[in-house]
Amino acid sequence: MDKIKPAFMPGGKLEKLQSVYDGMETFLFTPNATSHSGTHIHDGNDLKRTMITVVVALLPCLLFGMYNIGYQHYLAIGQGDASFWAMFVYGLVALLPCIVVSYAVGLGIEFIGAQIHHKEIQEGFLVSGILIPLIVPINTPLWMVAVATAFAVIFAKEVFGGTGMNIFNVALVTRAFLFFAYPSRMSGDTAFVKTDTAFGLGDGTVSDAFTGATPLGQIATHVGDTLQLNNVVGEPIGTYDAFMGLIAGSPGETSMIAILLGAALLLVTGIASWRIMCSVFIGGLAMGALVHAFATPTYAASMLDPLSQLCYGGFAFAAVFMATDPVTGARTHIGQYIYGFLIGVFAILIRVYNGGYPEGAMLAVLLMNAFAPLIDHCVVSFNIKRRLRRVAAK
Amino acid sequence: MATIRLKKGYDLNLKGRIVDPSIAEAMKSELFAIVPDDFVGLTPRMDVREGDRVMAGEPLYHDKSYEQIQVVSPVSGVVKEVRRGTRRHIDAIIIERDDISDKLRHDTNGDIKEVLLTSGLWAMLRQRPYDIVPSPEVAPRDIFVTCFDSAPLAPKLSVVLGDDKQYLAKGVEVLKTLTDGDVYLGFRPGEEIEVPGAIVNTFKGPHPAGNVGVQLANVKPVNKGEVVWTLDVITLARIGRLFATGVMSHETVVAVTGECIGQPRYVHATMGCQISSLLDRMDASNTRIISGNALTGFRVEPDGFLRAPYRHVTVIPEMSKPDEFMGWASLCPSRFSIYRTFTSWLLGKKEVSMDARIKGGERAIVRTDEYDDMLPMDIYAEFLIKAIITFDIDKMEQLGIYEVAPEDFALAEYACTSKLELQRIVREGLDRLRSEMS
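**Brief notes about the overall build of chain B**
Part 1 of the reasoning: Across its full length, chain B carries nine helices and 19 strands.
Part 2 of the reasoning: Against the globule reference of 22 Å for 438 residues, chain B gives a C-alpha radius of gyration of 21 Å, in line with a compact fold.
Part 3 of the reasoning: Projecting the C-alpha coordinates of chain B onto the three principal axes gives extents of approximately 65 × 50 × 50 Å.
Part 4 of the reasoning: Taking all 438 residues of chain B together, 54% fall into the buried category.

**Concerning the confidence of the model for chain B**
All names here are of chain B.
Part 1 of the reasoning: Mean pLDDT over chain B works out to 91, with 99% of the residues at or above the 70 mark.
Part 2 of the reasoning: Looking across chain B, the model is least confident in strand E2 (residues 23-25), with a mean pLDDT of 90, and most confident in strand E11 (residues 143-146), with 96.
Part 3 of the reasoning: Our summary of model confidence lists the complex with pTM equal to 0.91 and ipTM equal to 0.89.

**Section: the interface of chain A and chain B**
Part 1 of the reasoning: Between chain A and chain B, the contact holds 45 residues from the first and 57 residues from the second.
Part 2 of the reasoning: The class makeup of the residues in the side of chain A that touches chain B is 15 nonpolar, 22 polar and eight charged.

**Describing the confidence of the model for chain A**
Part 1 of the reasoning: The predicted model of chain A has a mean per-residue pLDDT of 86, with 96% of residues at 70 or higher.
Part 2 of the reasoning: Ranking the elements of chain A by mean pLDDT puts helix H1 (residues 5-8) of chain A last with 68 and helix H11 (residues 256-268) of chain A first with 94.

**Some details on the packing of helix H2 (residues 18-28) of chain A against helix H4 (residues 84-117) of chain A**
Axis angle and axis distance: for two packed helices, these are the angle between their axes and the distance between the axes, and together they describe the pair.
Residue and element names in this part refer to chain A.
Part 1 of the reasoning: Closest axis-to-axis distance for the H2/H4 pair is 8 Å, and the angle between their directions is 115°. One finds that H2 runs roughly perpendicular with respect to H4. Contact with H2, carried on its side by Gln18, Ser19 and Val20, involves Phe111, Ala114 and Gln115 of H4 and no other residues of that element.
Part 2 of the reasoning: Residues belonging to the contact of H2 with H4 are distributed by class as follows: three nonpolar, three polar and no charged.

**Observations regarding unusual backbone geometry**
All names here are of chain B.
Part 1 of the reasoning: The omega angle of the peptide bond from Arg128 to Pro129 is 0°, so this bond is cis rather than trans.
Part 2 of the reasoning: Secondary-structure assignment places Pro129 in the loop between strand E10 (126-128) and E11.
Part 3 of the reasoning: At the junction of Ala308 and Pro309, the peptide bond is cis and its omega measures out at 5° in the coordinates.
Part 4 of the reasoning: Here Pro309 lies in the loop between strand E18 (298-300) and strand E19 (312-317).
Part 5 of the reasoning: At Phe391, a position not held by glycine, the phi torsion is positive, near 50°.
Part 6 of the reasoning: Along the chain, Phe391 turns up in the loop between helix H6 (381-389) and helix H7 (393-399).
Part 7 of the reasoning: For Phe391, a count of 13 C-beta atoms within 10 Å translates into the label partly exposed.

**Considering helix H5 (residues 124-135) of chain A**
All names here are of chain A.
Part 1 of the reasoning: In a regular helix each residue adds 1.5 Å, so twelve residues correspond to 16 Å; H5 covers 17 Å between its end C-alpha atoms and thus fits that length.
Part 2 of the reasoning: Burial within H5 is extensive, with twelve of its twelve residues counted as buried.
Part 3 of the reasoning: What H5 keeps buried is the set Gly124, Phe125, Leu126, Val127, Ser128, Gly129, Ile130, Leu131, Ile132, Pro133, Leu134 and Ile135.
Part 4 of the reasoning: The elements touched by buried residues of H5 are helix H3 (47-76), H4, helix H6 (142-157), helix H7 (170-181) and helix H14 (315-322).

**A look at the domain arrangement of chain A**
All names here are of chain A.
Part 1 of the reasoning: According to the domain assignment, chain A consists of domain 1 (1-29 + 50-207) and domain 2 (216-394).
Part 2 of the reasoning: In this assembly, 38 residues from domain 1 lie in contact with 33 residues from domain 2.
Part 3 of the reasoning: Contributing elements (two or more residues each) for the side of domain 1 that touches domain 2: H3, H5 and H7.
Part 4 of the reasoning: With 17 residues, H3 is the single largest residue contributor to the side of domain 1 that touches domain 2.

**Examining the pairing of strand E13 (residues 198-204) of chain B**
Taken residue by residue, a regular strand's side chains alternate between the two faces of the sheet.
Residue and element names in this part refer to chain B.
Part 1 of the reasoning: One ladder, built from four bridges, connects strand E1 (residues 2-5) with E13; its direction is parallel. Counted as the bridge partner of Arg5 is Lys204 from E13.
Part 2 of the reasoning: By the bridge criterion, five bridges tie strand E12 (residues 183-187) to E13 in an arrangement that is parallel. Bridge pairing links Val183 to Ala198 in E13.

**What to know about the domain arrangement of chain B**
Residue and element names in this part refer to chain B.
Part 1 of the reasoning: Domain boundaries assigned for chain B yield domain 1 (2-11 + 28-245) and domain 2 (372-437).
Part 2 of the reasoning: Centre-to-centre, using C-alpha coordinates, domain 1 lies 23 Å away from domain 2.
Part 3 of the reasoning: The greatest single-element share of the side of domain 1 that touches domain 2, amounting to four residues, is contributed by helix H4 (residues 212-219).
Part 4 of the reasoning: Looking at the side of domain 1 that touches domain 2, its residues break down into nine nonpolar, six polar and five charged.

**Quick notes on the nonpolar core**
Part 1 of the reasoning: The biggest cluster of nonpolar side chains holds 246 residues, and the ones touching the most others in it are A:Ala318, A:Ile343, A:Val365, B:Val145, B:Leu278, B:Leu384 and B:Ala412.
Part 2 of the reasoning: With 15 residues, H3(A) is the largest single contributor of residues to this core.
Part 3 of the reasoning: If we ignore the near neighbours within four places in the chain, the residues touching B:Leu278 are B:Ala26, B:Val254, B:Val256, B:Val267, B:Ala269, B:Cys273, B:Leu306 and B:Val313.

**Quick word on H4(A)**
Part 1 of the reasoning: In a regular helix each residue adds 1.5 Å, so 34 residues correspond to 50 Å; H4(A) covers 48 Å between its end C-alpha atoms and thus fits that length.
Part 2 of the reasoning: Maximal helix bending in H4(A) amounts to about 30°, located at A:Leu95; proline A:Pro97 follows within four positions.

**Quick look at the sheet that holds strand E5 (residues 53-54) of chain B**
Hydrogen bonds between backbone atoms are what pair the strands of a sheet, whose relative direction is either parallel or antiparallel.
Residue and element names in this part refer to chain B.
Part 1 of the reasoning: Read across the open sheet, the four strands follow the order E3-E9-E8-E5; overall the sheet is antiparallel. Both edges of this open sheet fall to strand E3 (31-34) and E5, since each of them pairs with a single strand only.
Part 2 of the reasoning: The sheet contact formed by strand E8 (residues 77-84) and strand E9 (residues 90-97) spans seven bridges and is antiparallel. Residue pairing across strands places Arg84 opposite Ile90, the latter belonging to E9.

**Points about the environment of A:Asn169**
Part 1 of the reasoning: Of note, A:Asn169 is situated in the loop between H6 and H7.
Part 2 of the reasoning: For the pair A:Asn169 and A:Ala152, spaced 17 residues apart in the sequence, the C-alpha separation amounts to 8.9 Å.

**Points about the sheet that holds strand E4 (residues 44-46) of chain B**
All names here are of chain B.
Part 1 of the reasoning: Ordered by their spatial adjacency, three strands build an open sheet running E4-E6-E7, and the pairing between neighbours is antiparallel. Of all strands in the sheet, those with a lone pairing partner are E4 and strand E7 (70-72), marking the two edges. Taken over all neighbouring pairs, the strand axes of this sheet differ in orientation by 30° on average, direction set aside.
Part 2 of the reasoning: Two elements, E4 and strand E6 (residues 59-63), share three bridges in a ladder whose sense is antiparallel. Paired with Met46 across the strands is Tyr61, a residue of E6.

Calculation rules
- Residues numbered from 1 in each chain as written.
- Chains lettered and ligands numbered in written order.
- Predicted model: local features only at pLDDT ≥ 70, side-chain atom pairs only at ≥ 80, totals over all residues.
- Helix = DSSP H or I, 4+ residues; strand = E, 2+ residues; numbered from the N terminus.
- Rg over C-alpha atoms; globule rule 2.2 N^0.38 Å.
- Buried ≥ 20, exposed ≤ 12 C-beta atoms within 10 Å, placed from the backbone.
- pLDDT = per-residue confidence, 0-100.
- Contact = placed C-beta atoms within 7 Å.
- Nonpolar A, V, L, I, M, F, W, Y, C, P; charged D, E, K, R; others polar.
- Axes fitted to C-alpha atoms, helices over the stretch in contact; angles between N-to-C directions.
- Parallel < 35°, antiparallel > 145°, perpendicular 65-115°, else oblique.
- Expected span 1.5 Å × (residues − 1).
- Domains from an automatic or database assignment.
- Pairing = 2+ DSSP bridges.
- Core = buried A, V, L, I, M, F, W, Y, C linked by C-beta atoms within 7 Å.
- Bend = angle between axes of the 7 residues up to and from the residue.

Right, dumping it as structure tokens:
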């Protein structure tokens, strides 16, 4: 690395790529820079480590998501007895292009931004880049993913000043952009289960019983007094299936088990705020119990019991990986309780009472992102008032 | 007496602790220096020129705005050099010791304030707000004395104090005349000394429990418009000794610690002595010599000088693993972090080796709670730092800038994932605020 360094320094042939070179160098080697002012020792933890730990926490969801893509596909084409590896490899090749596109577009924009501002490349997109493929439906065309990612990185992050400065969660902005720009591709029968082949794999004809709607999609169009959810070939499913995750949905969101594994890592390492995570679940349970108490066929989702509310859809995934984003969430302890609780409440509220949106978690987190600074402001104001009272008490 | 339990903070268990509390003699130092930057808030006006002879205790310079505040020579000898840096900033005043060893005596029956000012001890006091040498015009609300040092590898102040313990009562008596409020002493539980006239508190908990600002904030915080003086127990004993004997003591005990020291130990020395006189022969390459502790100390060269508060030297490796390959991905438990993102916590709290690398690039603040968890005060540290960076004076005041000193943020600076220079930010914020307010 040292040999090629001069070419990338100002005046060198490749000075336009200096940020890229710096990024690669600090990626490969811990910087040798030693402190020159302030503390002489520094903790081993840095933002790279923090971000990569979140990526590791997402791996269970990613791997399960790949398997589930294959599972749903083979189920749909009537070959539910295909081998584990066949399903996994199918899911892998189906999801991989989306991951590559997301990283290529997002990191590309970050690299260019860093070079324009002559800054170091920041690590924020490491996490966003893996979140995006996990929350968009598998059948989303790659160009849509690219457009949405570019929109989110530029308008939700770079214009605010880059990693650490954004107001809205970048991955969720990507999802929201897709949802509002291409609504027909984001819900319904054709979005969530990949029925055609992926690079020649998984050839077969779709069985007659096939319906590709997610459980929440089915609820949104449900009529009648009794609620019975089905899998892609019309067999009944329940909360247990939603907990395990072998149901239709966005790749990362279906399995509670995989999500809980990731949550455990985030909590043990202390990266995610347990205050936010717990209060989202509590808020969801509370609101779930409330709507269930007033269950009515008009709003079919209210017929789900509170625990099922947490297991279906993107609720748990949002609680663990989206709400806990420290940059866009509340930063004071009391604020985190309020922020989390309201996300839980709004997610269920939107899901149940707003027929237009089968899933409320995304919008709930984005909404509370907007309110997080206000919540913090109020909490900090209490501290300020206490300080002023101290003066007045003299 | 109250015991105050502090939960926030962290005790870094660095290698190079002193095991044997006996005190050795330092090698003789020929050169001594006073560094004006140690006396924050003073603008030096020189009283001596190169070649002048001074007694120990004679003034070297005084403050521009309060001429009574003097900084004195720690030894008798000849002023060898007034070392200047950029824009004629005085970097150090270097004195070559002679063997006459005469000391300036003070008439302690005179005005107490006058004696403190001319003895040079005034310059060792600090005031909140701003963490500067106090103005002689304002009487403090209270005076806070910390009686222990909780920083990594810090000396036990009872060892540094030694026999001077007997002067504490006299010191408190003197300080009581300068304030209408009280004199508070803060001890570790079990180490407290009852001193007549003082209010004694004990503080349980990790570093920065020994920081006087933390003790102050948890007993009786500073409000806007109030002034509180702070000092450590060593300075308190020096004040007592001055008024008991008429002579200011410049002797001190220095803890020489750190991973690169063969046998960490205490040594007798004089303020401002040359660092090399404190260290045994050692390989100075790839080491960092710090006058003070690893969090708040100053980097010095072997031919540099001991700096305030004149009681601690730490020597750590400069770079123990150059070009570490993908350090951020390390699963090795020897790569220490106070966070559980690395595996070092699995080994429990054993002694760790730490070098001077920053181990990451500067970023925007991302993680929450990092600063708040390291600062046991009723202050939203992160919001305060942001207010200082944007220099929003109203917000800074509201969030408690008057209660803090840079040293209170030293541990947070260590822990900061985004590698921000918090102490510098706070110092610059305080300085700028002071110039705006005056």
